Amino acid sequence: MMFGRDMEDLKVILKEEIGYGQNFDIVLREMTFGTKNTAFLFVNGFAKDEVLTDILKQLSCYRTNAETALDCEGFKRYLIPHVQVEQSTRIKDVIAKVLAGTTAMFVEGEQSALLIDAKRLPSRGIEEPSLERVVRGSRDGFVETLMVNAALVRRRIRDPQLKLEMTQVGRRSLTDVCISYIADIADPKLISAIKQKLDTLDIDGLPMSEKQLDEWLMNKGWNPYPQVRYTERPDVVANHLLEGHVAIMVDTSPSVMIVPATFFHFVQHAEEYRQTPFMGTYLRWVRFLGIFASLFMLPLWFLLVKHPEFKPALLDFIGPQKTGKLPIIMQFIFAEIGVDLMRMAAVHTPTPLATAMGLIAAILIGDIAVQTGLFVNEVILYMAVAAIGMFATPSYELGLANRAVRLILLLAVAVFGVKGFLISTTLFVIYLTLQNSYHAPYFWPLIPFHPKAMFNILFRRPVQTQSQRLNLTKPIDHTRQSSNQ
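Thresholds, definitions, all that
- Residues numbered from 1 in each chain as written.
- Predicted model: local features only at pLDDT ≥ 70, side-chain atom pairs only at ≥ 80, totals over all residues.
- Heavy atoms only, no water.
- Helix = DSSP H or I, 4+ residues; strand = E, 2+ residues; numbered from the N terminus.
- Rg over C-alpha atoms; globule rule 2.2 N^0.38 Å.
- Buried < 20%, exposed > 50% of the residue type's maximum accessible area, 1.4 Å probe, protein only.
- Contact = heavy atoms within 4.5 Å.
- Lys, Arg positive; Asp, Glu negative; His and termini not counted.
- Charge placed at Lys NZ, Arg CZ, Asp CG, Glu CD.
- Phe/Tyr/Trp six-rings, centres within 6.5 Å; stacked < 30°, edge-to-face > 60°.
- Pairing = 2+ DSSP bridges.
- Axes fitted to C-alpha atoms, helices over the stretch in contact; angles between N-to-C directions.
- Parallel < 35°, antiparallel > 145°, perpendicular 65-115°, else oblique.
- Nonpolar A, V, L, I, M, F, W, Y, C, P; charged D, E, K, R; others polar.
- Core = buried A, V, L, I, M, F, W, Y, C linked by side-chain atoms within 4.5 Å.
- Polar contact = N/O pair within 3.5 Å; in protein donor to acceptor, adjacent residues only side chain to side chain.
- Salt bridge = Lys/Arg side-chain N within 4 Å of Asp/Glu carboxyl O.

Asker: Residues and numbers for the overall build of the chain, please.
Answerer: Looking only at helices and strands, the chain features 14 helices and twelve strands. Here the C-alpha radius of gyration of the chain, 29 Å, is well above what a compact globule of 485 residues would show, namely 23 Å. Its C-alpha atoms give the chain principal-axis dimensions of roughly 105 × 60 × 40 Å. Per-residue burial for the chain yields a buried fraction of 46% across its 485 residues. For the chain, the share of sequence-separated contacts (at least 6 apart) that also reach a separation of at least 24 residues comes to 63%. Distance between charge centroids for the chain: 7 Å, based on 50 positive and 48 negative side chains.

Next comes the structure, spelled out in C-alpha cells:
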C-alpha cells in the first residue's frame, strides 16, 4: 500500500491501518521544514522524548528552496542526528515498527518513510532473580526487555561468533523472539530445527511469552516434566552457550529458555559453581538428597507402615505410635493439598503479611490438627521434610512435577502395596527415559550411560580439569581449554 499523495491521504490510510483518531496513544505530529510538510507517527509512551526533541531542533534549522529541497534519503543522510535510522516503502512494515516503539517520519510526496529507533520501552530495573539467588556472584538478572537481556549476554561473551538472531512470532502480537548461540560451537542441525519450528508456528499471539512458546516448540501435551530449562541469570545462559546449547529469549519475559535440557540440568544451581569444588560437590549431594526425599520418602514410609515385616531392626522406631481419626492415605492427601494451598497463599499474600500467614499455617492449622487427633505427628513431620526437598529443587517446574509423581506413588502403595510401589517406580523411570529434549535423551547421562558425564553430574569438578565439552549438544568445537595447562 502506498503512503498517499498528501498528508490528508496519509491520515486516511493511518486511520484504516492503525486506528489513528480512535486510539488515544497514537500520535501524528505534523511539522513543516523549509518547503517540506512532514509528519511524525509514534506511540505515546514508547517514544523517547528527549531524543525526538533533539531531532526536531536540528530539523527546525533546515531552510531551503525548491531547487535544493531534500527527499527522504536527504533527510536521513544530512539532517537526522540519530544512530539507528532506516528507510521503508511498505506501510505494513512501518506500522509494525511503530507499534514496537519506533518513530516513523513521513515526507509529503515521498513513497517511503524513515524509521527512527528512538524508543523507551516500559521496564523495571536490573536486579537479582528471586528464584536463583547466590551467596557470591553477580546480582544482575534478566528483565522484560529483550534488548537489555541480549546486552547482558553479550557483555559476558564478546565472541564475534555469538549470534543473536531475531524473528517474530504471532500474527497479532508480533512478539520478538531471539535465538542465541555460538556459531562455531552449537550443532547446526539443532539451530535449523528450532528456526524451522518457529517459522511454521501459526498462532495469534504469545501473551504468556516463553511458556506458550515452550509448549509449541516441544509439542508438549500432558507431560508434567519440563523439557527446556528456564533461567533468569545471564551467567547461567552464558555458560550453557559455551557448552553448545541454544538460548531462546522472548520479549516481555525475564526467563530465558535453554535447549536441549536433560533431567539433571534441572537439579543444578549456580551456587555450586560459586564455591570450591569440594563444597560445590557437598551442596550438590545435599540437594540430590532433598530431591530424592521429596519423591520417595513419603511412599517408602507409608509402605513400611503398611508392611512392618519389611522394616529392618534398626528402623523399628518408624511408624505411627498411635493412629489418627483419618486413614493415613487421607492424611497424606489432605496434607499435600494443604501445602499447595499454603504455597499459593504465600504467593498471593502481601509481603508484610507473609510472616503472619506462615504462623497461622504452622501453629493454628498444623498443631491443632495433630492435637485433635485428625493427623499423626509423623505424617506432618515427613510431609514437611518432603516439602523442604521440593523447595530445595532449583527448578520450580521440576519440583511441582515431582510432587505430582509423589502423590501417584502414595496412591499406588495404598491400593497395591509393594507391587504398586515397584511397578509405579519402574513406570516412572521408563517414562522419563522415553522423553527427549530436541533429540537429547532426557535421562542422559544415566540412560544411556555416559561415565564421564555422570561423574560431572555427581561431582563439581575443578575448572582446570574441564578441557572438553560434553557430547550431549554435539558441539562442533569440543575443546574448552588447552589440555596441557
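Asker: Got a sec to walk through the packing of aromatic side chains? Specific residues and values, please.
Answerer: As enumerated under the stated definition, the model contains 14 aromatic pairs in all. Plain terms: the ring middles of F263 and F264 are 5.6 Å apart, the flat faces sit at 85° to each other, and that makes the pair edge-to-face. There is no split in this pair, since F263 and F264 are both buried.

Asker: Give me the sheet that holds strand 4 (residues 103-107): which residues, what numbers.
Answerer: Strand order across the open sheet formed by five strands is 1-2-4-5-3, with antiparallel pairing between neighbours. In this open sheet, the two strands that pair with only one neighbour each are strand 1 (26-33) and strand 3 (85-88). Strand-to-strand twist in this sheet, taken as the mean axis angle between neighbours without regard to direction, amounts to 25°. This element, helix 1 (residues 7-18), spans strand 1, strand 2 (36-43) and strand 4 of the sheet and lies at about 15° to strand 2.

Asker: Any chance you could break down the packing of helix 9 (residues 277-306) against helix 14 (residues 451-458) for me, citing the residues and the numbers?
Answerer: The N-to-C vectors of helix 9 and helix 14 enclose an angle of 90°; their axes lie 9 Å apart at closest approach. Comparing their axes, helix 14 and helix 9 come out roughly perpendicular. Counted together, T281, R284, W285 and F288 of helix 9 and N456, I457 and L458 of helix 14 form the full contact between these two elements. Taken together, the residues of the contact of helix 9 with helix 14 sort by class into four nonpolar, two polar and one charged.

Asker: So what about the nonpolar core? Which residues, and what values?
Answerer: Formed by 41 residues in total, the largest nonpolar core has its most connected members in Y225, F263, W301, F302 and F332. Only helix 9, helix 10 (328-348), helix 12 (377-391), helix 13 (396-434) and helix 14 provide two or more residues apiece to this core. Setting aside residues up to four positions removed in sequence, F263 forms contacts with Y225, L398, L432, Y442 and F443. Residues L190, I194, L201 and V250 belong to the second largest nonpolar core, which totals 23 residues.

Asker: With reference to specific residues and values, describe the side chain of N456.
Answerer: Residue placement: N456 occurs in helix 14. Assessed through its relative accessible area of 19%, N456 is described here as buried. Side-chain polar atoms of N456 contact the side chain of R461, separated by 2.8 Å. Apart from the residues within four sequence positions on either side, N456 is in contact with R284, R461 and L470.

Asker: Quick rundown of the pattern of salt bridges? Include the residues and the values.
Answerer: All chains considered together, the criterion is met by 23 salt bridges. Among the ionic pairs, K11 bridges to E8, the shortest N-O distance being 3.8 Å. A residue pair is termed a helical-turn pair when its members lie 3 or 4 positions apart in one helix, as K11 and E8 do in helix 1 at three residues. Through salt bridges with shared partners, a single ionic network connects E336, D340, R403 and R406.

Asker: Residue-level account of the sheet that holds strand 9 (residues 246-250), with values.
Answerer: Sheet strands associate in pairs through backbone hydrogen bonding, adopting either a parallel or an antiparallel arrangement. As summarised here, the arrangement of the five strands in space is 6-7-9-10-8, forming an open sheet in which the pairing is antiparallel. Every interior strand has two partners, whereas the edge strands, strand 6 (162-169) and strand 8 (229-231), have only one. Across the sheet, the axes of successive neighbouring strands diverge by a mean angle of 25°, strand direction being ignored. When strand 9 meets strand 10 (residues 256-259), the two strands line up antiparallel, connected through three bridges. If you follow I248 over to strand 10, its bridge partner there is M257.

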